[in-house]
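These are the residues of each chain, in order.
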Amino acid sequence: QVQLVESGGGLVQPGGSLRLSCAASGGAYNFYTVGWYRQAPGKQRDLVAQITSAGTTNYADSVKGRFTISRDNAKKTVFLQMNSLKPEDTAVYYCRAQWLSDYWGQGTQVTVSS
């Protein structure tokens, strides 16, 4: 059983930065593929960035060059560094861990507004 806790969300002005964290407890976290997803009001939940256990990453086209996903296996934590934020990045951001099972965090709100 893996429990995921996201943190780092908040209110930021356009062009600003935030760093999200997804900390895990329990389970062999190092083997999991971990992804960040986001869901804006009235829209579906979409993949933003993903990192495999081997460190391979992929990104949604809308965030390439602005967001960076990384992981610290010793701390069982995955990070999402978000730079050059835009109002359209406003959403609830969720962390997801997949391997033999599928786990989701509770989400953290990111609001980009002046």
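Refer to the structure printed above.
Residues numbered from 1 in each chain as written. Predicted model: local features only at pLDDT ≥ 70, side-chain atom pairs only at ≥ 80, totals over all residues. Heavy atoms only, no water.

Draft legend 1. Just the packing of aromatic side chains, in detail. Enumeration according to the criterion identifies five aromatic pairs in this entry. Considering the side-chain rings of phenylalanine 31 and tryptophan 99, the 5.0 Å spacing of their centres and the 15 degrees angle between planes classify their relative orientation as stacked. With a gap of 68 residues between them, phenylalanine 31 in the loop between strand S3 (18-25) and strand S4 (33-39) and tryptophan 99 in the loop between strand S9 (91-98) and strand S10 (102-104) connect regions that are remote in the sequence. Since its relative accessible area comes to 49%, phenylalanine 31 is described here as partly exposed. Judged by its relative accessible area of 44%, tryptophan 99 is partly exposed. Ring geometry for tyrosine 94 against tryptophan 104: centres 6.4 Å apart, planes inclined by 80 degrees, an arrangement best described as edge-to-face. You can see tyrosine 94 sitting in strand S9 and its partner tryptophan 104 sitting in strand S10, a full 10 residues away along the chain. In this structure tyrosine 94 comes out as buried when scored by relative accessible area, which is 14%. Positioned above the aromatic ring of tyrosine 94 is the side chain of arginine 45, whose terminal nitrogen or guanidinium carbon lies 3.6 Å from the ring centre. Directly above the aromatic system of tryptophan 104 lies the positively charged group of arginine 45, at a separation of 4.8 Å from the ring centroid. (Phe/Tyr/Trp six-rings, centres within 6.5 Å; stacked < 30°, edge-to-face > 60°. Helix = DSSP H or I, 4+ residues; strand = E, 2+ residues; numbered from the N terminus. Buried < 20%, exposed > 50% of the residue type's maximum accessible area, 1.4 Å probe, protein only. Lys NZ or Arg CZ within 6 Å of the ring centre and 35° of its normal.)

Draft legend 2. Up close: the sheet that holds strand S8 (residues 77-82). Overall, antiparallel pairing links the four strands, which are arranged S1-S3-S8-S7 in an open sheet. The open sheet has two edge strands, strand S1 (3-7) and strand S7 (67-72), and neither has a second partner. Averaged over neighbouring strand pairs, the angle between their axes works out to 15 degrees when direction is ignored. Examined bridge by bridge, S3 and S8 share six bridges and lie antiparallel to one another. Bridge pairing in S8 links leucine 20 to leucine 80. (Pairing = 2+ DSSP bridges. Axes fitted to C-alpha atoms, helices over the stretch in contact; angles between N-to-C directions.)

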